[in-house]
Amino acid sequence: MRLTQDDRGRRFVIRGFSETHVTVNDRELQQSFLLTPESLHDDVAIDDLDALSAQGESLLLRDDPEVVIIGTGTRTRMGPASLSAALMRRGVGIEYMDTAAALRTYTVLASELRRVSLLVLF
């Protein structure tokens, strides 16, 4: 019997992770990145939540998401309230989670073909 993996048409799929990296397709990422089901931006120059207030809105809205998930490391930390308010005014949900929970949540939402963006901070 031939088995195939069902990626539901997504170009970028999370294959694994640890505290030091996330594997997307066959790429092992060890620095902050933004992921959507259709694009991977591995040139994100943000490594902490404080830096999000300066350029966060334009970065997080790149692919017109309905929800944004931010992985904040081994524990959940909240980002700037101004960023959350700006996204919510545009009708975009935002959730901060520890990175493991963020990766799992992203995977579920992307498998449902939702317009979701994931920012992982290293």
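Quick caveat: nothing in here was measured; it's all calculated off a predicted structure.

Asker: Honestly, the pairing of strand S7 (residues 93–97) in this entry has me stumped. Any pointers?
Answerer: Working note: regular strand, side chains alternate between the two faces of the sheet. Here five bridges tie strand S6 (residues 67–71) to S7, and the two strands are oriented parallel to one another. Along S7, the bridge assignment pairs Ile70 with Tyr96. Following the backbone out of S6, through helix H2 (residues 81–89) and into the adjacent parallel S7, one traces a crossover that is right-handed.

Asker: Just to check I follow, could you spell out the sheet that holds strand S1 (residues 14–17) for this structure?
Answerer: Within a sheet, neighbouring strands are paired by backbone hydrogen bonds and run either parallel or antiparallel to one another. Strand order in the open sheet made by the three strands is S1-S2-S3, with antiparallel pairing throughout. Of all the strands in the sheet, the pair left with one neighbour each is S1 and strand S3 (27–29). Going across the sheet, the axis of each strand differs from the next one's by a mean of 25°, ignoring polarity. Bridge count between strand S2 (residues 22–24) and S3: three bridges; the pairing is antiparallel. Among the inter-strand pairings, Thr23 is bridged to a residue of S3, identified as Glu28. Sheet strands in contact with helix H3 (residues 99–111) are S1 and S2, and its direction is about 165° off that of S1.

Asker: Help me out: how do you make sense of the sheet that holds strand S4 (residues 33–35) in this one?
Answerer: Read across the sheet, five strands follow the order S5-S4-S8-S6-S7 without closing on themselves; strand pairing throughout is mixed. On the outer flanks of this sheet lie strand S5 (40–41) and S7, each paired with one strand and no other. The pairing of S4 with strand S8 (residues 116–120) spans three bridges and is antiparallel. In the strand pairing of S8, Leu35 is matched with Leu118.

Procedures and definitions
- Residues numbered from 1 in each chain as written.
- Predicted model: local features only at pLDDT ≥ 70, side-chain atom pairs only at ≥ 80, totals over all residues.
- Heavy atoms only, no water.
- Pairing = 2+ DSSP bridges.
- Helix = DSSP H or I, 4+ residues; strand = E, 2+ residues; numbered from the N terminus.
- Right-handed = clockwise from strand over helix to strand, strands pointing away.
- Axes fitted to C-alpha atoms, helices over the stretch in contact; angles between N-to-C directions.
- Contact = heavy atoms within 4.5 Å.

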